[in-house]
Amino acid sequence: MKLSPECVPCFLKQVVNVSKIAGLGREETFKILKETAVLIAQNLQPQATPGHNATIVHRFFKEKTKIDDPYRTVKDKFNNIAMSLESEIEEKFFQKAEDKLSVAIKISALGNVIDFGVPRKFDLEKEIESFFTQKFAYFDIAIFERFLVPGKTVLLIGDNAGEIVFDKFLVRVLKEHKLKVILAVRGSPILNDATIEDAVKTGIAEIVDDVITTGNDFIGVELQSAPEEFKKVWKQSYFVISKGQANFETLNHITDKDIFFILKAKWKPVARELNCRVNDLIFLYNKKLAKLRDENS
């Protein structure tokens, strides 16, 4: 997915947000904003993905501020909130479900939807209840079921801290189908994306067969710069599950690999790419997406 003009002001908004999280003052924030604006003007790559361009911006922020992981406290908070909800989701939704695969996919999507910034647990519980009444714009469960072949390997590319707690339900179902599950997370801190530290803290590392990284702090997946271990698993995996927008933005052009995308289409450029509405829920097979593009071209 190529960069959209709407993405450019979002980069500056992200700098404002990360500056606030990092505790920068007014003058420091304006200084880094001005420097980032120059960086964008000189280095913007319209033919590259949003993730590629955003990575340049966030690496610049870390370099200038000397703050390697500005979201660490936020990630810890989100992990703790998600883990505090885990048993309740298990009892209210997962255990009572007749079709545990469908519910596990929806719970995984919930992690990409829920607002961990909601201050009260009661409000979070209401948000979760409401989520399970929502319909998906795409829900390719019938296609997905054909890939659940015992003994095969699935590569699950995780998204954010907190969110990976909800991926545990899907991992459990995949394991019940006798699949080998490899989890990939970011190789170093960027935004609130999950790293190995988060995988260990949340317990998902204990239930997958292995945890690898995408290699660095790239926002999304950049196959050409990924480590050999990731490339090997990518090649050997029977199919891939990709979580969240950034992974979608960097992988949606691939048609020589079977990929299932789970995300909420939060921004207009992503919704356009998916031929859906903003805020629609998505569980979509990539080759179906390619067919939709061909039909609409």
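Quick note: structure is the one above.
As the structure is a prediction and not an experimental result, all values here were calculated from the model.

Enquirer: So what exactly am I meant to see when it comes to the sheet that holds strand S6 (residues 259-264) here?
Expert: Working definition: the strands of a sheet are paired by backbone hydrogen bonds and lie parallel or antiparallel to each other. On the basis of which strands lie adjacent, the open sheet formed by 7 strands has the order S1-S7-S6-S5-S2-S3-S4 and mixed pairing. At either end of the open sheet lies a strand with only one pairing partner, and these are strand S1 (136-139) and strand S4 (210-213). Going from strand to strand, the sheet's axes swing by 20° on average, the running direction of each strand aside. In terms of strand pairing, S1 meets strand S7 (residues 281-285) through 3 bridges, oriented parallel. Following the sheet pairing, tyrosine 138 is matched in S7 by isoleucine 282. Of the strands in this sheet, strand S2 (153-157), strand S3 (180-185), strand S5 (239-243) and S6 are in contact with helix H8 (residues 163-176), which crosses S5 at around 160°. The strands touched by helix H14 (residues 286-296) are S1, S6 and S7; relative to S7, the strand with the most contacts, the crossing angle is about 95°.

Enquirer: Which parts of the structure should I look at to understand the nonpolar core?
Expert: A general tendency of soluble globular proteins is for nonpolar side chains to be buried together. Core analysis: the largest hydrophobic core is formed by 51 residues, its most contacted members being Ile89, Phe144, Phe239 and Ile241. Residue contacts for phenylalanine 239: discarding those within four places in its chain leaves Phe144, Phe147, Leu148, Thr153, Val154, Leu155, Leu179, Asp258 and Phe260. The next biggest cluster of nonpolar side chains, apart from the first, holds 28 residues, and it includes Ile182, Ala184, Val221 and Ile254.

Enquirer: For this particular structure, what's the right way to read the pattern of salt bridges?
Expert: Two side chains carrying opposite charge are able to pair once their charged atoms lie near each other. The final tally for this structure, using the stated rule, is 25 salt bridges. A salt bridge links aspartate 209 to lysine 175; its shortest N-O distance comes to 2.6 Å. Separated by 34 residues along the polypeptide, aspartate 209 in the loop between helix H10 (204-207) and S4 and lysine 175 in helix H8 bring together distant segments of the chain. With relative accessibility at 38%, the residue aspartate 209 sits in the partly exposed group. Judged by its relative accessible area of 29%, lysine 175 falls in the partly exposed class. Ionic contacts of the salt-bridge type, sharing partners, join the residues Asp69, Arg72, Lys75, Asp76, Glu197, Asp198 and Lys201 into one network.

Enquirer: How should I be thinking about H14 in this particular structure?
Expert: Given 3.6 residues to a turn, an α-helix orients residues that are three or four positions apart in the same direction. Listed as buried for H14 are Asn286, Leu289, Ala290 and Leu292. The buried residues of H14 occupy an angular sector of 160° when the element is viewed end-on, so they sit on one face. Among the exposed residues of H14, those pointing more than 90 degrees away from its buried face are Lys291, Asp294 and Glu295. The secondary structure elements touched by the buried residues of H14 are S1, helix H12 (245-251), S6, helix H13 (268-274) and S7.

Enquirer: Any chance you could explain the packing of aromatic side chains here in plain terms?
Expert: The relative placement of two aromatic rings is captured by the distance of their centres and the angle of their planes. The final tally for this structure, using the stated rule, is 18 aromatic pairs. Relative to tyrosine 285, the ring of phenylalanine 147 has its centre 5.7 Å away and its plane inclined at 55°; by these criteria the two rings are tilted. In this pair, phenylalanine 147 is assigned in the loop between helix H7 (141-145) and S2 and tyrosine 285 in strand S7, connecting sequence segments 138 residues apart. We classify phenylalanine 147 as buried; its relative accessible area is 11%. Cluster of aromatic residues (ring-pair linked, three or more members): Phe136, Phe139, Phe144, Phe147, Tyr238, Phe239, Phe260, Phe283 and Tyr285. Positioned above the aromatic ring of phenylalanine 94 is the side chain of lysine 100, whose terminal nitrogen or guanidinium carbon lies 5.6 Å from the ring centre. We note lysine 152 situated over the ring of tyrosine 238; from NZ or CZ to the ring centre the distance is 4.9 Å.

The rules behind the values
- Residues numbered from 1 in each chain as written.
- Predicted model: local features only at pLDDT ≥ 70, side-chain atom pairs only at ≥ 80, totals over all residues.
- Heavy atoms only, no water.
- Pairing = 2+ DSSP bridges.
- Helix = DSSP H or I, 4+ residues; strand = E, 2+ residues; numbered from the N terminus.
- Axes fitted to C-alpha atoms, helices over the stretch in contact; angles between N-to-C directions.
- Contact = heavy atoms within 4.5 Å.
- Core = buried A, V, L, I, M, F, W, Y, C linked by side-chain atoms within 4.5 Å.
- Buried < 20%, exposed > 50% of the residue type's maximum accessible area, 1.4 Å probe, protein only.
- Salt bridge = Lys/Arg side-chain N within 4 Å of Asp/Glu carboxyl O.
- Arc of directions from axis to C-beta.
- Phe/Tyr/Trp six-rings, centres within 6.5 Å; stacked < 30°, edge-to-face > 60°.
- Lys NZ or Arg CZ within 6 Å of the ring centre and 35° of its normal.

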